[in-house]
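Analysis of the macromolecular model
The lines below spell out each chain.
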Amino acid sequence: MKSAKNLLIPSIVMIILAIGVGVFFVIDKSIKARTVETTYNLVDLLYISPVDIASVSVAHRDGKINVKVDRTIKADGSVLYVYSGSDKGNEKYSQADMEAFLTTMNSFVSCASISENANLSEYGLDNPAYTVTISKTDGTQKVILIGDKATDGSGCYVCAAGSTSVYLAGDDKIFMASMTGNDFIDDRLIDVEIKELETVAFSRKKDSISVSGSAVYDESSDMCSIKFNKPFEISSSAYFDKLIKNICELSVAGYEDATNGNLSKFGLAIPPHQITLGFKEGKTYTLDLSTAIDGYYYGRINGSGKIFKADASKIEIIESPLLSLISDYIFHNPCDEIDSVEVSGIKGKFTLKVDVKKQQAISDRDSNVFLDGRNAKVTNASGRNYAAMLYETIFGINIGGVEEHANIPESAVADTSIKVYDHNHSAVVYDFFRRSDETFYVVKNGEYTGFYVFKRELYNDGGQDTYNYGIWPAYEILTKAITDGINGIYEIPDGK
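Residues numbered from 1 in each chain as written. Predicted model: local features only at pLDDT ≥ 70, side-chain atom pairs only at ≥ 80, totals over all residues. Heavy atoms only, no water.

Points about the overall build of the protein
The number of helices and strands found in the protein is ten helices and 29 strands. Against the globule reference of 23 Å for 496 residues, the protein gives a C-alpha radius of gyration of 38 Å, more extended than a compact globule. Taking the principal axes of its C-alpha atoms as reference, the protein extends roughly 115 × 95 × 45 Å. In the protein, which comprises 496 residues, the proportion classed as buried is 43%. In the protein, of all internal contacts separated by at least 6 residues, the share reaching a separation of at least 24 is 55%. Positive and negative side-chain charges in the protein, numbering 49 and 67 respectively, have mean positions lying 3 Å apart. (Helix = DSSP H or I, 4+ residues; strand = E, 2+ residues; numbered from the N terminus. Rg over C-alpha atoms; globule rule 2.2 N^0.38 Å. Buried < 20%, exposed > 50% of the residue type's maximum accessible area, 1.4 Å probe, protein only. Contact = heavy atoms within 4.5 Å. Lys, Arg positive; Asp, Glu negative; His and termini not counted. Charge placed at Lys NZ, Arg CZ, Asp CG, Glu CD.)

This is the structure:
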């Protein structure tokens, strides 16, 4: 058996070796940490007060673009920025974006000193990506060169023209330097308030839609609704109203040059959609719009200028079916605007007379309603008013579809006629002529409206569902309610 002394000596050696290895790794880690945490001297390479700047220009390495922003003082003492780069167009350029450009490129302070006598080619400064020229109001100039980005993403290399001292500047410098004229264009597409809107026209090639009308502004909601007058007379839908508001307030996501290649690429060589907005004082904007491409729509204004790019969610209603762009109803009048309604047809004839105060309903206590002279204020136990039900069936006739031409024989007799009288005793007459077994053409004051409706709008029996009736079954229910109701209450029989 080995002695304890013999066993102890190898153990001590192993402990010493382990301590040595640990110390090595600690020292090695410390050395690496110091290497990574290399510090640089910070230097203010250049700073020029904005008030002393006449212009800032940036020449791109490929020589195709020279971006330039001029700073001038207007007669009232305010500052005006003017874009005068080589790629200048006819668009409106953003004052805020041009100011940000100038006040970024005028200041190269707190730059990290990399080398006092550098080989410029190692930093991309022998053939710089961007050459920044700052022209002062006294006629002198300062030139800064911008080279490669640092490999660790900490910034970009810069130097003063004619110097071999290289510095590391922030990424904001190379970002601003890379901008072109398209990046300075004002992102507000139309600089006119919606309350100035007078006319709207919309067309779509894929289904030959072409509608136009006049704008009606509602100050309380800051919205415009459209009264279409071509090719039919109908109000716009809430979806279409929102589309027009979005366009009037649209901020674009970017711009592209209107080359033949881009016009083809973005589907604008033959635009599939067109919206024309006419404003007061003769201002007109015609927007040519593409179909949706990767979450965006592309377009141009008045057939010229840059191609703009807009978020699809703001414009996508232009792809919707026609019935989504117009009102749901053939006509829709609040009961406080109506004096009476006369309905006649093969099922009979009745007159519904209403006396409703402003912004009140038929079911309100002070309202009066009569069917053929009889008090028609009858409800079910839940308070559902049967006269209101009949009124809703008359003034809530849903449009079934659009058909340009109607084949209505001269000898045809209307299935149902509705004559609506307002408080001025002016009348509008709607006639419903059979189109098929399930549909009817709609004629207004002797002129075909361009719409047809489904048979259910006139004849559906909703049973217990008082919100799913057509006109004639609703009339029959109200008649029974008036005749059979007890203390103004009537329940539709089960199984009805």
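What to know about the sheet that holds strand 20 (residues 304–311)
Taken in spatial order, the nine strands make up an open sheet running 15-14-13-12-17-18-19-20-16, and their pairing is antiparallel. A single partner strand is all that each edge strand has here, and the edge strands are strand 15 (234–235) and strand 16 (254–256). With seven bridges connecting them, strand 12 (residues 197–204) and strand 17 (residues 273–279) associate as antiparallel partners. Among the inter-strand pairings, Ser-203 is bridged to a residue of strand 17, identified as Gln-274. Most of the contacts of helix 5 (residues 238–248) go to strand 14 (residues 223–230), to which it runs at about 115°, and overall it touches strand 12, strand 14, strand 17 and strand 18 (284–289). (Pairing = 2+ DSSP bridges. Axes fitted to C-alpha atoms, helices over the stretch in contact; angles between N-to-C directions.)

Here's the deal with the pairing of strand 10 (residues 156–160)
Within strand 10, four of the five residues are buried, leaving the element largely enclosed by the surrounding structure. Both strand 9 (residues 141–149) and strand 10 contribute to a ladder of four bridges, which runs antiparallel. By the bridge assignment for strand 10, Ile-144 is matched with Ala-160. Adjacent in sequence and paired antiparallel, strand 9 and strand 10 are bridged by six residues, among which Gly-153 carries a positive phi angle near 75°. In terms of strand pairing, strand 10 meets strand 11 (residues 166–169) through three bridges, oriented antiparallel. Considered in strand 11, the bridge of Val-158 is made with Tyr-167. Linking strand 10 to strand 11, which pair antiparallel, is a turn of five residues; within it Gly-162 sits at a positive phi near 85°.

Looking at unusual backbone geometry
In most cases, non-glycine residues show a negative phi, while peptide bonds are predominantly trans. The residue after Lys-230, namely Pro-231, is reached through a cis peptide bond having omega 0°. Note on placement: Pro-231 falls in the loop between strand 14 and strand 15.

Focus: the pattern of salt bridges
Applying the stated rule across the entire model yields 15 salt bridges. Between Lys-195 and Glu-193 there is a salt bridge, and its shortest N-O distance comes to 3.7 Å. The salt bridge partner of Arg-456 is Glu-457, with a shortest N-O separation of 3.9 Å. Looking at Glu-457, the relative accessible area reads 12%, which means it is buried. One salt-bridge network, in which partners are shared between bridges, spans Asp-222, Lys-245 and Glu-249. (Salt bridge = Lys/Arg side-chain N within 4 Å of Asp/Glu carboxyl O.)

Some details on the nonpolar core
In this structure, Leu-277, Leu-390, Ile-394 and Ile-418 are the most contacted members of the largest nonpolar core, which totals 117 residues. In this view, Ile-418 contacts Phe-331, Val-341, Glu-342, Val-343, Ile-394, Ile-397, Val-428, Val-429, Tyr-430, Phe-432 and Ile-471; residues no more than four positions away in its chain are not counted. Membership of the second largest hydrophobic core comes to eleven residues, among which are Leu-125, Tyr-157, Val-166 and Leu-168. (Core = buried A, V, L, I, M, F, W, Y, C linked by side-chain atoms within 4.5 Å.)

Overview of helix 8 (residues 386–395)
For helix 8, a buried count of nine out of ten residues is recorded, marking the element as mostly surrounded by other parts of the structure. Every buried residue of helix 8 is listed here: Tyr-386, Ala-387, Ala-388, Met-389, Leu-390, Tyr-391, Thr-393, Ile-394 and Phe-395. Summarising the contacts, the buried residues of helix 8 are in contact with strand 21 (338–345), strand 22 (348–355), strand 23 (368–371), strand 26 (416–422) and helix 10 (471–484). Here helix 8 starts with a cap whose side-chain oxygen sits 2.9 Å from the backbone nitrogen of Ala-387, and that cap is Asn-385. (Polar contact = N/O pair within 3.5 Å; in protein donor to acceptor, adjacent residues only side chain to side chain.)

Worth remembering: the numbers are spatial, not functional.
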